[in-house]
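Here's the letter readout for the chains.
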Amino acid sequence: AVAAETDIAPALAREKAERYLREIAATHSPYVIDLIANGIHKLYSQGYGDIKYSEDDVRRLAALGDGDPIIFLPAHRSNLDRLSLQFLLWENDFPPNHTAGGINLNFFPVGPLVRRTGVFFIRRSFKDNPLYKMVLRSYLDYLVEKRFPLEWYMEGGRSRSGKLMPPRLGLLSYVTDSMHRGKAEDLQLVPVSIAYDQIQDVPDYAREAQGKDKEKESLGWMLKAVRSLRRRYGDIHIRFGEPVSARSIVGPTDLGEETSIGLQKLAFEVMYRIAQVTPITPTALISVALLAARGTARTSAQLAEGAARLVEFARARDLPTTEDSDLRDPSRVATIL
């Protein structure tokens, strides 16, 4: 049908479709998954201490996966986001996610390895390619129907400021279409916050903010990222928000249109729940106290006074924090600095 619509020979359309599928599809390998998981632990522990999370939340998610397909939707702030969540799930015997990744990451040796851990690659732009769209839609139909857990970043790319960016609705529209076509009764969307005491990507973000181009992904880029983990950055904090039922928000008329109100409501509900569980770090509190000084000098004691007011503000509103820090102590503030 697509061949007829696009005026190409059916045999050529089939050949292209097979090529697109090979380009997209993940190919899980239990051996590679175990190998990479151990490598992830060795990698992140060079720069970070622990991955901190709630075991109760993990047990709740394990039970949730017995019914409908689960879709993990993390905020995206660092190149370590995928690896951190992958290790947490592997450590707790979850089935590996099928994770959407940009085609820019499909370079040797990273591409072949991460494909075997469950990453499927998507082109950045394919609006004018109906055959590619059809192959991707069919692949997602298959994953939803077989109840494979999925994962992608609705923001599209990493947030350079730490703030959540507006959600992109493309993949969300595809999977909700799958649900409406009877591939699943419902979809359980799991909001995920991955927060860091410090983010190792910040020097790259600073260079980009000065007008320099984003560094292209390559083997050299990867080695540079690994070397940047040779200093200490604190801990990684993963929090899971309350799952969102797609069926409860997206109606049967919200089909395939990114402009549909139901789809937008669903996406923003997920982003809101990510924000609800994103914890405040001591580094963030001290940073806000420094910003409030508007560029003037401050002693540790003065910063401690400003930070203590922020802590009281957070406590009064029951906002999540990574730790119960007493920032009234100037020596504690100096340590964070």
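Being a predicted model, the structure only gives us computed values, none of them experimental.

**Section: the pairing of strand S2 (residues 70–74)**
For S2, the tally of buried residues reaches five of five residues, placing the bulk of the element in the interior. Burial along S2 is two-sided: the residues Ile70, Phe72 and Pro74 and Ile71 and Leu73 are all buried. Here S2 pairs with strand S5 (residues 150–151) via two bridges, running parallel. Bridging across to S5, Phe72 finds its partner in Glu151.

**Focus on the packing of aromatic side chains**
Within the structure shown, the criterion is met by nine aromatic pairs. An angle of 25° between the planes, with centres 5.4 Å apart, marks the rings of Tyr48 and Tyr233 as stacked. With Tyr48 in the loop between helix H3 (30–47) and strand S1 (51–52) and Tyr233 in the loop between helix H10 (219–227) and strand S7 (236–240), this residue pair connects regions lying 185 residues apart in the sequence. Assessed through its relative accessible area of 1%, Tyr48 is described here as buried. Exposure remark for Tyr233: the relative accessible area of 7% places this residue in the buried category. When the ring of Phe87 is compared with that of Trp90, the centres are 5.7 Å apart and the planes differ by 35°; the resulting orientation is tilted. On the criterion of helical spacing, the pair formed by Phe87 and Trp90 is a turn pair, its members being three residues apart in helix H5 (residues 81–91).

**A word on helix H12 (residues 261–277)**
Counted at 1.5 Å a residue, the expected span for H12 with its 17 residues is 24 Å, and the 25 Å between its end C-alpha atoms agrees. Of the positions making up H12, those classed as buried are Gly262, Leu263, Leu266, Ala267, Val270, Met271, Arg273, Ile274 and Val277.

**Observations concerning the side chain of His76**
Counting through the fold element by element, His76 comes out in the loop between S2 and H5. Only 2.8 Å separates the side chain of His76 from the side chain of Asp81, close enough to count as a polar contact. Setting aside chain neighbours within four positions, we find His76 in contact with Asp81, Tyr153, Glu155, Gly157, Arg158 and Ser159.

**Some thoughts on unusual backbone geometry**
Although it is not a glycine, Asp7 sits at a positive phi angle of roughly 60°. Of note, Asp7 is situated in the loop between helix H1 (2–6) and helix H2 (10–24). Given a relative accessible area of 71%, Asp7 falls into the exposed group. Its identity as a non-glycine residue notwithstanding, Asp93 has a phi of 60°, on the positive side.

Cut-offs used in this document
Residues numbered from 1 in each chain as written. Predicted model: local features only at pLDDT ≥ 70, side-chain atom pairs only at ≥ 80, totals over all residues. Heavy atoms only, no water. Buried < 20%, exposed > 50% of the residue type's maximum accessible area, 1.4 Å probe, protein only. Helix = DSSP H or I, 4+ residues; strand = E, 2+ residues; numbered from the N terminus. Pairing = 2+ DSSP bridges. Phe/Tyr/Trp six-rings, centres within 6.5 Å; stacked < 30°, edge-to-face > 60°. Expected span 1.5 Å × (residues − 1). Polar contact = N/O pair within 3.5 Å; in protein donor to acceptor, adjacent residues only side chain to side chain. Contact = heavy atoms within 4.5 Å.

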